[in-house]
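Here's the letter readout for the chains.
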Amino acid sequence: VWINVHDMLKPLQKRPGKFLWASERTGFRQLYLFDIASKSMTPVTSGNGVVEDIVAVDEDAEMVYFMGTGDGEWLERKLFRVPLSG
């Protein structure tokens, strides 16, 4: 068993009981919004790119900024922005 260790756990201050978490459950590291109360994970990102680092979370604008690779662009790291809702 191989486990990639990362530090992409971001509790949301304005949404108690929810946090951002990165998982490779699809084969690519993507971001998920985890709700402790319902024990559900909602995808925030998708595709064949890889999330490498969460740069910032703007809870007022409900946006997540992260560094990663795009679909099929493994050699380039870019800054992406996605809504918390996915």
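Anything mentioned here points back to the structure above.
Keep in mind the model is a prediction, meaning the values are calculated, not measured.

*Asks:* Describe the pattern of salt bridges, listing the residues and the values that go with them.
*Replies:* Taken as a whole, this structure holds seven salt bridges when the rule is applied. Lys14 is the partner of Asp60 in a salt bridge, and the nearest nitrogen-oxygen pair spans 2.2 Å. Separated by 46 residues along the polypeptide, Asp60 in the loop between strand 5 (51-58) and strand 6 (63-70) and Lys14 in the loop between strand 1 (9-11) and strand 2 (18-23) bring together distant segments of the chain. Of the two residues examined, Asp60 and Lys14, each falls in the exposed class. Taking the shortest distance from any N to any O, the salt bridge between Glu76 and Lys78 comes out at 3.6 Å. One salt-bridge network, held together by shared partners, links Glu73, Glu76 and Lys78.

*Asks:* A description of the nonpolar core should follow, citing residues and the corresponding values.
*Replies:* If you look at the biggest cluster of nonpolar residues, it comprises 13 residues, and the most contacted ones within it are Leu20, Leu31, Val44, Ile54 and Val64. Mapped by element, the contributors of at least two residues to this core are strand 2, strand 3 (30-35), strand 5 and strand 6. Residues within four places of Val64 in sequence aside, it is in contact with Leu20, Leu31, Ile54, Ala56, Phe80, Arg81, Val82 and Leu84.

*Asks:* Can you explain the pairing of strand 7 (residues 73-83)? Please cite residues and give values.
*Replies:* Bridging between strand 6 and strand 7 involves seven bridges; their strand directions are antiparallel. Note that in strand 7 the partner of Phe66 across the bridge is Phe80.

*Asks:* I'd like a description of the sheet that holds strand 7, backed by residues and values.
*Replies:* Across the sheet, three strands lie side by side as 5-6-7; this open sheet has antiparallel pairing. Only two strands of the sheet have a single neighbouring strand rather than two, namely strand 5 and strand 7. Averaged over all pairs of adjacent strands, the angle between their axes in this sheet comes to 15 degrees, without regard to strand direction. With six bridges joining them, strand 5 and strand 6 adopt antiparallel strand pairing. Bridge assignment links Ala56 to a residue of strand 6, and that residue is Tyr65.

Rules of the game
Residues numbered from 1 in each chain as written. Predicted model: local features only at pLDDT ≥ 70, side-chain atom pairs only at ≥ 80, totals over all residues. Heavy atoms only, no water. Salt bridge = Lys/Arg side-chain N within 4 Å of Asp/Glu carboxyl O. Helix = DSSP H or I, 4+ residues; strand = E, 2+ residues; numbered from the N terminus. Buried < 20%, exposed > 50% of the residue type's maximum accessible area, 1.4 Å probe, protein only. Core = buried A, V, L, I, M, F, W, Y, C linked by side-chain atoms within 4.5 Å. Contact = heavy atoms within 4.5 Å. Pairing = 2+ DSSP bridges. Axes fitted to C-alpha atoms, helices over the stretch in contact; angles between N-to-C directions.

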